[in-house]
Amino acid sequence: MKIRIIAIGKTSQDYLRTGQDIYLKRLAHYTSVDYKEFPDPGQKGNTPELLKSKEGELILKQIKPDDVLILLDEKGQEYSSREFAAMLQKRMNAGTKSIVLVIGGAFGFSKNVYDRADLQLSFSRMTFSHEMIRVFLLEQLYRAFTILKGENYHHD
């Protein structure tokens, strides 16, 4: 199963880019991960609805009909690390070829993107910066694969 990650906006902090690189390198041992950042359309002259619409068009252009689309969203389903690993395993067992995880812009997603999504995932009821959640997502993906392989990274 291939994993694709789409993030709106660039990671500007070096320490966060370093974290992303660490986990992308570790994940390569388990699965193919394609990580792409797309420029934020910018807020100047744009309403939140217009921004979501522009971002939504960009996101949906990247999605294939058979992709499983998972949105990182504050109102989404929360999982423990083991539950997240089990969800990924279930998708792999079902023959899923590609999961696309999307970290949207500051105002969330357009209705069209929500309508296309297969799952909304929340890491917490707390709010994290869009740059930080990228590292959290990559770390949790790495943790999930170590759980599935029975490796010692995760401790209960």
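This text goes with the structure placed above it.
Residues numbered from 1 in each chain as written. Predicted model: local features only at pLDDT ≥ 70, side-chain atom pairs only at ≥ 80, totals over all residues. Heavy atoms only, no water.

> Hey, could you run me through the packing of helix 1 (residues 14-27) against helix 5 (residues 130-148) in this one?
When two helices pack together, you describe them by how their axes are tilted relative to each other and by the distance separating the axes. Two elements in contact, helix 1 and helix 5, have axes separated by 9 Å at closest approach and are oriented at 20 degrees. The orientation of helix 1 with respect to helix 5, classified from their angle, is roughly parallel. Crossing angle aside, the handedness with which helix 1 passes helix 5 is left-handed. Contacts between helix 1 and helix 5 involve Leu16, Gly19, Gln20, Tyr23, Leu24, Arg26 and Leu27 from the first element and Glu131, Met132, Arg134, Val135, Leu138, Glu139, Leu141, Tyr142 and Phe145 from the second. For the contact of helix 1 with helix 5, the residue count by class is ten nonpolar, two polar and four charged. (Axes fitted to C-alpha atoms, helices over the stretch in contact; angles between N-to-C directions. Helix = DSSP H or I, 4+ residues; strand = E, 2+ residues; numbered from the N terminus. Parallel < 35°, antiparallel > 145°, perpendicular 65-115°, else oblique. Left-handed = near helix turned anticlockwise from the far one by under 90°. Contact = heavy atoms within 4.5 Å. Nonpolar A, V, L, I, M, F, W, Y, C, P; charged D, E, K, R; others polar.)

> Hey, could you run me through the layout of surface pockets in this one?
To find leftover empty space, a probe the size of one water molecule is rolled over the atoms. Of the volumes computed, that of the largest pocket is approximately 420 Å³. Looking at the lining of the largest pocket, the elements that each hand over two or more residues are strand 3 (68-78), strand 5 (119-122) and helix 5. Element by element, the count of residues in the lining of the largest pocket is highest for strand 3, at four residues. Of the residues belonging to the lining of the largest pocket, the class tally is eleven nonpolar, eight polar and three charged. (1 Å grid on protein atoms, 1.4 Å probe; cavity = no way out; pocket = protein on both sides within 12 Å on 5 of 7 lines; lining within 4 Å. Points joined across faces, edges and corners; volume = space filled by probe spheres on them.)

> Help me understand the side chain of His154, please; the structure alone is not making it clear to me.
By secondary structure assignment, the location of His154 is in the segment after helix 5. Residue His154 is classed as buried on the basis of its relative accessible area of 15%. In this structure the side chain of His154 is engaged in a polar contact, spanning 3.0 Å, whose partner is the side chain of Arg143. If we ignore the near neighbours within four places in the chain, the residues touching His154 are Ser81, Arg82, Arg143, Thr146 and Ile147. (Buried < 20%, exposed > 50% of the residue type's maximum accessible area, 1.4 Å probe, protein only. Polar contact = N/O pair within 3.5 Å; in protein donor to acceptor, adjacent residues only side chain to side chain.)

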